[in-house]
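Breakdown of the fold
So you can see what is in the structure, the chains are spelled out below.
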Amino acid sequence: MNVVRAEEIAFSQNMVNVTYNGEKLYIEHVDKQKGLATIHSLDEPNNKQSVSVTSLSEQ
């Protein structure tokens, strides 16, 4: 995924299926300059992590 699409998903009011390492997740924030997304799994909203947007997949 690219940074622009990740940001579109983060701001979208609709739920978009995104995965990281095969796990469905929610994108909270995108840092365009660093190319990172703050994410959390749908099952563990308090377990946040920052990952490269290129490691995210839209389903």
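As a reminder, the structure under discussion sits directly above these lines.
Right, let's walk through the structure included here. Note that the coordinates shown come from a computational prediction; the quantities given were computed from them, not determined experimentally.

Conventions adopted
Residues numbered from 1 in each chain as written. Predicted model: local features only at pLDDT ≥ 70, side-chain atom pairs only at ≥ 80, totals over all residues. Heavy atoms only, no water. Pairing = 2+ DSSP bridges. Helix = DSSP H or I, 4+ residues; strand = E, 2+ residues; numbered from the N terminus. Axes fitted to C-alpha atoms, helices over the stretch in contact; angles between N-to-C directions. Contact = heavy atoms within 4.5 Å. Core = buried A, V, L, I, M, F, W, Y, C linked by side-chain atoms within 4.5 Å. Buried < 20%, exposed > 50% of the residue type's maximum accessible area, 1.4 Å probe, protein only. Arc of directions from axis to C-beta. Polar contact = N/O pair within 3.5 Å; in protein donor to acceptor, adjacent residues only side chain to side chain.

**Structural notes on the sheet that holds strand β4 (residues 48-52)**
Strand order in the open sheet made by the 5 strands is β4-β3-β2-β1-β5, with antiparallel pairing throughout. Of all the strands in the sheet, just β4 and β5 (56-58) have a single pairing partner and so form its edges. The average undirected angle you get between the axes of adjacent strands in this sheet is 50°. Where strand β1 (residues 18-20) meets β5, 3 bridges bridge the pair, whose relative direction is antiparallel. By the bridge assignment for β5, Thr19 is matched with Ser57. On top of the sheet, helix α1 (residues 3-11) reaches β1, β2 (23-31) and β5; it is set at about 105° to β2, its chief contact.

**Quick word on the nonpolar core**
One finds Val18, Leu25, Ile27, Val30, Ala37, Ile39 and Leu56 to be the most contacted residues of the largest nonpolar core, which totals 15 residues. Among the elements of the structure, α1, β1, β2 and β3 (36-41) are those that each provide at least two residues to this core. Considering every element that reaches this core, the biggest residue donor is α1, with 4 residues. For Leu56, the residues in contact, after removing those within four places along its chain, are Met1, Val18, Thr19, Tyr20, Leu25, Ile27, Ala37, Ile39 and Val51.

**Digging into α1**
Along α1, the residues that are buried comprise Val3, Ala6, Ile9 and Ala10. Buried residues in α1, looked at end-on, bunch into an arc of 125°, giving them a common side. The inward-facing, buried residues of α1 abut β1, β2 and β5. The backbone nitrogen of Val4 lies 3.1 Å from a side-chain oxygen of the residue at the head of α1, namely Asn2.

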